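# Observations on chain architecture
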Amino acid sequence: MDWNLSTIVVGLDGSEGSDSAAAIGASMAKHWNAKLLLVTVVRTPEGWWGIGGAPPTPEALSAALVEGQQKILDDAEASLDLEGVTYETVAELGDPVSRLLAVVEINEADLLVIGRRGAGLAERVVLGSTADRLTHLASCPVLVVP
Ligand SMILES: Nc1ncnc2c1ncn2[C@@H]1O[C@H](COP(=O)(O)OP(=O)(O)O)[C@@H](O)[C@H]1O
Ligand SMILES: [Mg+2]
């Protein structure tokens, strides 16, 4: 098997854990000359999918959610060392686990980098719930950053 690191996906939720994941993802992208996808997913409000079956539009979501999502991406771009790195910021709506898995699959990513913990309110000593599910379900290797 000739595993090559061409595309790296990082999951960003604005937490310290995801900041660490982004720093490592960016550093790896630089060293391997890989493409970096910085992805943040805003969870759609509970029950949304049930309303007439219509997909949510960004306009229909609260402005605070979308602004918060853009701020996470802007902050990452500003703080990371991305000089010479080919990267994209990706804003997705829906279930964070499903959307991250979809981004990994569509882009045939070679590595998914996430924080061990996230922005969840629960003080967790163990892996976060998103991280837990991603490590079990991802189609590529997952790097979990403390
Ligand atoms: N909405 C999201 N969009 C993108 N990545 C996310 C999202 N939520 C979590 N992640 C990724 O998963 C990591 C672990 O978060 P999570 O499992 O949700 O922990 P917690 O339960 O503490 O919130 C984060 O550091 C981040 O890398
Ligand atoms: Mg979380």
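Residues numbered from 1 in each chain as written. Chains lettered and ligands numbered in written order. Predicted model: local features only at pLDDT ≥ 70, side-chain atom pairs only at ≥ 80, totals over all residues. Heavy atoms only, no water.

## Considerations on the overall build of the protein
Put simply, the rule reads: Strands here are runs of E lasting at least two residues and helices are runs of H or I lasting at least four, both read from the DSSP assignment and numbered beginning at the N terminus. Throughout, a residue-residue contact means that at least one pair of heavy atoms, one from each residue, lies within 4.5 Å. What sets the accessible areas is the Shrake-Rupley method with a 1.4 Å probe; for residues, cover comes only from the shown protein chains.
Along the protein, the regular secondary structure elements total four helices and five strands. In the protein, the succession of helices and strands from N to C terminus is β-α-β-α-β-α-β-α-β. For the protein, contacts bridging at least 24 residues in sequence account for 77% of all contacts bridging at least 6. With an accessible surface of roughly 8,400 Å², the protein has 53% of that area assigned to carbon and sulfur atoms.

## Points about a nonpolar patch on the surface
Heads up, the rule is: Each patch is built from residues that are more than 30% exposed by relative accessible area and take part in no salt bridge. Like charges join if they lie within 9 Å; nonpolar side chains (Val, Leu, Ile, Met, Phe, Trp, Tyr) join within 5 Å. In what follows, salt bridge is the name for a side-chain nitrogen of Lys or Arg lying within 4 Å of a carboxyl oxygen of Asp or Glu. The cut-offs for exposure are 20% and 50% of the maximum accessible area for each residue type, with area from a 1.4 Å probe on protein chains only; residues under the lower value are buried, those over the upper are exposed, and the others partly exposed.
Together, Met1, Trp3 and Trp32 make up a nonpolar patch on the protein surface, roughly 440 Å² of accessible area in all. Note that methionine 1 resides in the segment before β1 (7-11). On the basis of relative accessibility, which here comes to 96%, the residue methionine 1 falls in the exposed class.

## Some points on the sheet that holds strand β3 (residues 87-93)
What counts is decided by this rule: Strands are treated as partners if at least two bridges between them are detected by DSSP. Between N-to-C directions, angles span 0 to 180 degrees; the directions come from axes that are lines fitted to C-alpha atoms, helices contributing only their stretch in contact.
The five strands lie next to each other as β3-β2-β1-β4-β5, forming an open sheet whose pairing is parallel. In the strand order of this sheet, the two ends are held by β3 and β5 (142-145), each with one partner. Pairs of neighbouring strands in the sheet enclose a mean axial angle of 20°, with direction left out of account. Where β1 meets strand β2 (residues 35-42), five bridges bridge the pair, whose relative direction is parallel. Following the sheet pairing, isoleucine 8 is matched in β2 by leucine 36. Set on the sheet, helix α2 (residues 63-79) makes contact with β2 and β3; between it and β3 the angle comes to about 160°.

## Some remarks on the side chain of glutamate 92
Secondary-structure assignment places glutamate 92 in strand β3. Among the residues examined, glutamate 92 registers a relative accessible area of 18% and is labelled buried. Among residues more than four places away in sequence, those in contact with glutamate 92 are Val39, Thr40, Val41, Val42, Gln69, Arg99 and Val103.

## Points about the site of ligand 1
Applicable threshold: Proximity is defined per residue: if any heavy atom of the residue lies within 4 Å of a molecule or strand, that residue is considered near it. Identification of polar contacts relies on pairs of N or O atoms within 3.5 Å, with a donor-acceptor requirement for protein atoms, meaning one able to donate a hydrogen and the other able to accept it, and with residues adjacent in sequence counted only if both atoms are side-chain atoms. Note on definitions: the grid is 1 Å and covers protein atoms alone; a cavity is a set of points where a 1.4 Å probe fits but cannot get out; a pocket is an open set with protein on both sides within 12 Å along at least five of seven lines; lining residues have an atom within 4 Å of a point. Any molecule with more than half of its atoms within 2 Å of a cavity's or pocket's grid points is counted as sitting in it.
Around ligand 1 sit 22 residues in total, of which Gly11, Val41, Gly120, Thr130 and Ala131 are the nearest. In this structure, a nitrogen atom belonging to ligand 1 sits 3.3 Å away from a main-chain N or O atom of leucine 12. Serine 129 is positioned with one of its backbone polar atoms (N or O) 3.2 Å from an oxygen atom of ligand 1. In isolation ligand 1 exposes 550 Å². Once the protein is present, 93% of that is buried. The pocket occupied by ligand 1, as judged from atoms lying within 2 Å of grid points, is the largest pocket.

By themselves, these are just geometric observations and shouldn't be taken as functional.
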